[in-house]
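Structural characterization, general
Next come the chains, spelled out residue by residue.
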Amino acid sequence: AQSVTQPDIHITVSEGASLELRCNYSYGATPYLFWYVQSPGQGLQLLLKYFSGDTLVQGIKGFEAEFKRSQSSFNLRKPSVHWSDAAEYFCAVGANTGGGNKLTFGTGTQLKVEL
Amino acid sequence: SAVISQKPSRDICQRGTSLTIQCQVDSQVTMMFWYRQQPGQSLTLIATANQGSEATYESGFVIDKFPISRPNLTFSTLTVSNMSPEDSSIYLCSVLSGRAAEQFFGPGTRLTVL
């Protein structure tokens, strides 16, 4: 069964600083990997995804993530954080089972941005 | 991407009662999913709902507690039955995009059980 670990429960960065959120996964085959963001009182918004091909993927809002098979990681990065990026971030791994795609989520990383 | 709405957005319910949550999508989709997000926790998949077939439940979730309907390709309901305070959570529906196995989520229903 697949699993996702997000080792950082809380992260605080200053506005304008760079950001890296860690994600490690466990899956027996090439995974589908996703990053979602959840702002307070909001649903989940897809930031970016990896299915295959180029291991560096670009997403919305200036985010990018790099798939590293050797490290089983899919870390999310942003070169300069904005105050509006404060939210909870979830990494997820997808398993293509029976024609569908079941997602397993990590426990999330709460990002706080200091002005 | 699909536009998904849920009703109600929030509710406060008494122990022992049931609540039905609706999920409406603006386009036809084959697969819909229901998730639970307990306070301060991540999302846990409750079940997968395909139109025209019985929902498939994940380990730890049963149909008697969480019956699901999927009458057509744009609509689904999740009922939380015989509620207890432990059912207080955010319940989210999602749909599978036919394009690239992406899931898009509704805004969620915040349920509080007293």
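Not measured: the values here are computed from a predicted model.

Rules used in this analysis
- Residues numbered from 1 in each chain as written.
- Chains lettered and ligands numbered in written order.
- Predicted model: local features only at pLDDT ≥ 70, side-chain atom pairs only at ≥ 80, totals over all residues.
- Heavy atoms only, no water.
- Helix = DSSP H or I, 4+ residues; strand = E, 2+ residues; numbered from the N terminus.
- Buried < 20%, exposed > 50% of the residue type's maximum accessible area, 1.4 Å probe, protein only.
- Disulfide = S-S within 2.5 Å.
- Polar contact = N/O pair within 3.5 Å; in protein donor to acceptor, adjacent residues only side chain to side chain.
- Contact = heavy atoms within 4.5 Å.
- Pairing = 2+ DSSP bridges.
- Axes fitted to C-alpha atoms, helices over the stretch in contact; angles between N-to-C directions.
- Buried area = accessible area lost by both parts, 1.4 Å probe.
- Salt bridge = Lys/Arg side-chain N within 4 Å of Asp/Glu carboxyl O.
- Nonpolar A, V, L, I, M, F, W, Y, C, P; charged D, E, K, R; others polar.

**Remarks on unusual backbone geometry**
P8 of chain B follows K7 of chain B through a cis peptide bond whose omega is -10°. Locating P8 of chain B in the fold gives a position in the loop between β1 (4-7) and β2 (10-13). The phi torsion at S72 of chain A lies on the positive side, around 50°, for a residue other than glycine. Topologically, S72 of chain A is positioned in the loop between β8 (64-68) and β9 (73-78). One non-glycine residue, N82 of chain B, lies in the positive phi region at around 45°. In this structure, N82 of chain B sits in the loop between β8 (75-80) and β9 (89-96). Exposure remark for N82 of chain B: the relative accessible area of 54% places this residue in the exposed category.

**Digging into the state of the cysteines**
Taken as a whole, this structure holds two disulfides over all chains when the rule is applied. In this model, C23 of chain A is linked to C91 of chain A through a disulfide, with the two sulfur atoms separated by 2.0 Å. Taking the torsion about the S-S bond as the criterion, the C23 of chain A to C91 of chain A disulfide, at about -65°, is left-handed. Of this pair, C23 of chain A sits in the loop between β3 (19-21) and β4 (24-26) while C91 of chain A sits in strand β10 (residues 87-95), placing them 68 residues apart in sequence. With respect to class, C23 of chain A is no different from C91 of chain A; both count as buried. Each sulfur in the disulfide pair C23 of chain B and C93 of chain B lies 2.0 Å from the other. One disulfide, between C23 of chain B and C93 of chain B, carries an S-S torsion of 70° and so falls in the right-handed class. Of this pair, C23 of chain B sits in strand β3 (residues 19-25) while C93 of chain B is found in strand β9, placing the two residues 70 residues apart along the sequence.

**Overview of the side chain of Q38 of chain A**
Tracing the chain through its elements places Q38 of chain A in strand β5 (residues 32-38). A residue is classified by how much of its surface remains accessible, and Q38 of chain A, at 9% relative accessible area, is buried. For Q38 of chain A, the side chain forms a polar contact with the side chain of Q37 of chain B, separated by 3.0 Å. The residues contacting Q38 of chain A, other than those within four sequence positions of it, are G43, L44, A87, E88 and F90 of chain A together with Q37 of chain B.

**Thoughts on the sheet that holds β8 of chain B**
The strands that make up a sheet pair up through hydrogen bonds in the backbone, lying either parallel or antiparallel. Residues and elements named next belong to chain B. The four strands are arranged β1-β3-β8-β7 in an open sheet whose pairing can be described as antiparallel. Lying at the two open borders of the sheet, with one neighbouring strand each, are β1 and β7 (68-72). Averaged over all pairs of adjacent strands, the angle between strand axes in this sheet comes to 15°, irrespective of strand direction. Bridge count between β1 and β3: four bridges; the pairing is antiparallel. Looking at β3, one finds that K7 is bridged to Q22.

**So, the side chain of S42 of chain B**
Structurally, the position occupied by S42 of chain B is in the loop between β4 (31-37) and β5 (43-50). For S42 of chain B, a relative accessible area of 10% gives the class buried. From its side chain, S42 of chain B meets the backbone oxygen of G106 of chain A in a polar contact 2.3 Å long. Every residue in contact with S42 of chain B, bar those within four places of it in the chain, is listed here: F90, F105, G106 and T107 of chain A together with R36 and Q37 of chain B.

**Overview of the pairing of β7 of chain B**
In the case of a regular strand, side chains alternate between the two sheet surfaces. Residues and elements named next belong to chain B. Of the pairings in the sheet, the one linking β7 to β8 comprises three bridges and is antiparallel in character. Counterpart to S69 in the pairing with β8 is T77. Once β7 ends, the chain turns through two residues before running back antiparallel as β8.

**Some details on the interface of chain A and chain B**
The accessible area lost on association of the parts is a frequent measure of interface size. The interface is formed by 19 residues belonging to chain A together with 18 residues belonging to chain B. Interface of chain A and chain B: buried area, both sides summed, is about 1,400 Å²; carbon and sulfur atoms make up 58% of it. At the surface where chain A touches chain B, the tally comes to two salt bridges. Counting across the interface, chain A meets chain B through five residue pairs in polar contact (both at pLDDT 80 or more). Elements represented by at least two residues in the side of chain A that touches chain B include exactly β5, β6 (44-50) and β11 (102-105) of chain A. Residues belonging to the side of chain A that touches chain B are distributed by class as follows: nine nonpolar, eight polar and two charged.

Function cannot be read off these values alone, since they describe shape.
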